[in-house]
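Residue-level structure breakdown
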Amino acid sequence: MHESYCDERQSLVDITRRLVDLNTSGTTDSADQPVRMATSIYCDENLFEKEKKEIFLREPQLVCFSSDLPEKGSYLCFDDLDIPMILVRDNSGQVRAFLNACSHRNARLREGCGVSKHLTCPYHAWRFSLEGNLESVYKAETFGEIDPEKYGLTQLPAEEKYGLVYICPDPDGKINIDDQLGEMASLFDSWNLGSMTLIDTHEFDMQSNWKLALDTFCEGYHFSPLHRESVGDYALGNISAFDCFGPSGINHRLAFPNKWLTELSGKPESEWGDANEIFKNFQLVHYLYPNVSLLISPDACEFFRIYPGKRVGEHVTRYSCYYRGHVPLETKEQRQEAQDHFNFIVKVVADEDYWVSGNLQKNMNTGLRTVTTFGRNEPALINMHTGIAAKLNVDVSAST
Ligand code: FES
Ligand SMILES: [Fe+2]
């Protein structure tokens, strides 16, 4: 038996046991106290500018999976921050991130994604290696001596581990994926997230603040009322097992039980089946600071990256759905099933979660509602907003 399989099963058993016990006792993992925060966390332009500058342009963040850069020469443009980037898998297999700018007169090198042996600038054809070195200059004699050392691409920090690719937009920033994942690292390792198959992507361009979008992934209190006919049809509402991990516990994981988990009550753990069967009893939703919600299930991975828009009440969510099932996606029916799953998630998020985020934003923009309250049953929200506020060194408590 493979070692990570054993670890994964035991980790999943532990989560299941906690959920069974919470359900039996009619409770949920909870914060010590309800918390009241100022609604300005979603509406204040100055805070928003500070978030963009001090978080999104400074902190390490998960941008894609290893399978999005599948071979040497694979490249992927990344334009969701104010720094245009290109991610490249170089000739040694290492992932690198560069400013997507030529060293001659700063033209953009590539669009979209693809595979290329070199990066040749479309403007005047200067050519760069996948390692970012200047290889050749068109009509070089007009430039006299060019020191290739001074004319490489501008590199930014990037790290790849456990199938995750993190970048840091700050050239002097440091990334350590093991630190980011903390005690969750071995479980992430067991999931083979680097070899998933992309099903489809969707962009949500919303009139709501980026943190409001994240909020919808951070509690199960709303499952029964808001998602009555979708998620609420199979999930037990208002029960979650909550864990923090990573630097200062800023990341979190929520396990949301499915209704059939109740059948395990009274059944010995040895009869709960293998890791895959146990995993079918709940949804695991991770918040990875600063802007990612990552849902892992036995067959799929839902990857939501949430970026601030131009103004405080706007954001863009990029959703990528990956297949990670044990059976290869070969037949038309299998592919259709995966596509149906993707379509279902898009519909739930658009028509239910983000419909709510949009109307919350409008109400808070009036300035007539100055307080937002998080219940004891919403510990992940409290943890996330407190963590972000601590990073920015701002007080977000409600004044009244
Ligand atoms: S700007 Fe790239 S070659 Fe001129
Ligand atoms: Fe939801």
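Since the structure is predicted, the reported quantities are computational estimates derived from the model, not experimental observations. (Residues numbered from 1 in each chain as written. Chains lettered and ligands numbered in written order. Predicted model: local features only at pLDDT ≥ 70, side-chain atom pairs only at ≥ 80, totals over all residues. Heavy atoms only, no water.)

Within the protein, the secondary structure is distributed over 9 helices and 20 strands. Taking 400 residues into account, the globule formula puts the C-alpha radius of gyration at 21 Å, and the protein, at 23 Å, falls close to it. Each of the three principal axes of the protein carries a C-alpha extent, and together these read 80 × 55 × 35 Å. Counted over contacts in the protein with a minimum sequence separation of 6, partners at least 24 positions apart contribute 67%. Surface summary for the protein: the accessible area is close to 18,800 Å², and the carbon and sulfur share equals 47%. (Helix = DSSP H or I, 4+ residues; strand = E, 2+ residues; numbered from the N terminus. Rg over C-alpha atoms; globule rule 2.2 N^0.38 Å. Contact = heavy atoms within 4.5 Å. Areas by Shrake-Rupley, 256 points an atom, 1.4 Å probe, with all protein chains shown as cover.)

Burial analysis of strand β19 (residues 315-323) places 8 of its 9 residues in the buried class, which makes it a mostly covered element. Where strand β13 (residues 197-206) lies against β19, 9 bridges are found, and the strand directions are antiparallel. The residue bridging T201 from the neighbouring strand is S320, located in β19. Where strand β18 (residues 300-308) lies against β19, 9 bridges are found, and the strand directions are antiparallel. Residue E302 lies in a different strand from β19, and its bridge partner there is C321. Here β18 folds back onto β19, and the loop between the two strands holds 6 residues. (Buried < 20%, exposed > 50% of the residue type's maximum accessible area, 1.4 Å probe, protein only. Pairing = 2+ DSSP bridges.)

Around the iron ion (ligand 2), the protein contributes the donor atoms H222 (NE2), H227 (NE2) and D353 (OD), which lie 2.0 to 2.1 Å from the metal centre. For the iron ion (ligand 2), the donor residues sit on a single chain with the sequence spacing H-x4-H-x125-D. Judged by relative accessible area, which is 13%, H222 ranks as buried. (Donors = N, O, S within 2.8 Å, 3.2 Å for Na, K, Ca; no water.)

Next up on the list: the confidence of the model for the protein. Overall, the predicted model of the protein reaches an average pLDDT of 96, with 98% of residues at or above 70. Per-residue pLDDT stays below 50 along residues 1-6; that stretch engages in 4 contacts with residues further than four places along the chain or on separate chains. (pLDDT = per-residue confidence, 0-100.)

So, on to the sheet that holds strand β11 (residues 158-161). Strand pairing in a sheet relies on backbone hydrogen bonds. The paired strands run either parallel or antiparallel. If you walk across this open sheet you meet the 3 strands as β2-β12-β11, and the pairing is antiparallel. Two strands close off the open sheet at either side, each with one partner strand: β2 (61-65) and β11. For this sheet the average axis-to-axis angle between neighbouring strands, irrespective of direction, equals 30°. Both β2 and strand β12 (residues 164-167) contribute to a ladder of 4 bridges, which runs antiparallel. Counterpart to F65 in the pairing with β12 is L164. (Axes fitted to C-alpha atoms, helices over the stretch in contact; angles between N-to-C directions.)

We now examine the nonpolar core. Generally speaking, soluble globular proteins have nonpolar side chains that are buried together. Formed by 64 residues in total, the largest nonpolar core has its most connected members in V63, F78, L87, I167, Y319, Y354 and I388. In this view, L87 contacts V63, C64, L69, S74, Y75, L76, F78, R96, A97, V165 and I167; residues no more than four positions away in its chain are not counted. By size, the runner-up hydrophobic cluster in this structure holds 42 residues, among which are L193, L236, A241 and A255. (Core = buried A, V, L, I, M, F, W, Y, C linked by side-chain atoms within 4.5 Å.)

Before going further, it helps to spend a moment on the side chain of N251. Residue placement: N251 occurs in strand β15 (residues 251-257). Polar side-chain contacts of N251 include one of 2.6 Å to the backbone nitrogen of Y289. Setting aside residues no more than four positions away along its own chain, N251 makes contact with Q180, D243, C244, F245, G246, Y287, L288, Y289 and N383. (Polar contact = N/O pair within 3.5 Å; in protein donor to acceptor, adjacent residues only side chain to side chain.)

With that settled, the discussion passes to the pattern of salt bridges. The final tally for this structure, using the stated rule, is 20 salt bridges. The salt bridge involving R318 is made with D80; its shortest N-O contact spans 2.7 Å. Taken as a pair, R318 in strand β19 and D80 in the loop between β3 (74-78) and β4 (85-89) lie far apart in primary sequence, 238 residues in all. Assessed through its relative accessible area of 24%, R318 is described here as partly exposed. On the basis of relative accessible area, D80 is assigned to the buried category, the value being 18%. Close ionic contact of D351 with K347 constitutes a salt bridge, the shortest N to O distance being 2.7 Å. Here D351 and its partner K347 are both found in helix α8 (residues 332-365), 4 residues apart, which amounts to about one turn of the helix. D351 sits in the partly exposed class, given a relative accessible area of 42%. Take K347: its relative accessible area is 53%, and that puts it in the exposed class. (Salt bridge = Lys/Arg side-chain N within 4 Å of Asp/Glu carboxyl O.)

This paragraph deals with the packing of aromatic side chains. For the structure on display, the rule yields 15 aromatic pairs. Centroid distance Y319 to F342: 5.3 Å. Interplanar angle 10°. Geometry classified as stacked. Taken together, the positions of Y319 in strand β19 and F342 in helix α8 put the pair 23 residues apart, joining distant regions of the chain. Each member of the pair Y319 and F342 is classed as buried. In this structure an aromatic cluster arises from ring pairing among F56, F78, W210 and Y307. Across the ring face of Y75, the terminal group of R110 is positioned such that the distance to the ring centre comes to 5.4 Å. (Phe/Tyr/Trp six-rings, centres within 6.5 Å; stacked < 30°, edge-to-face > 60°. Lys NZ or Arg CZ within 6 Å of the ring centre and 35° of its normal.)

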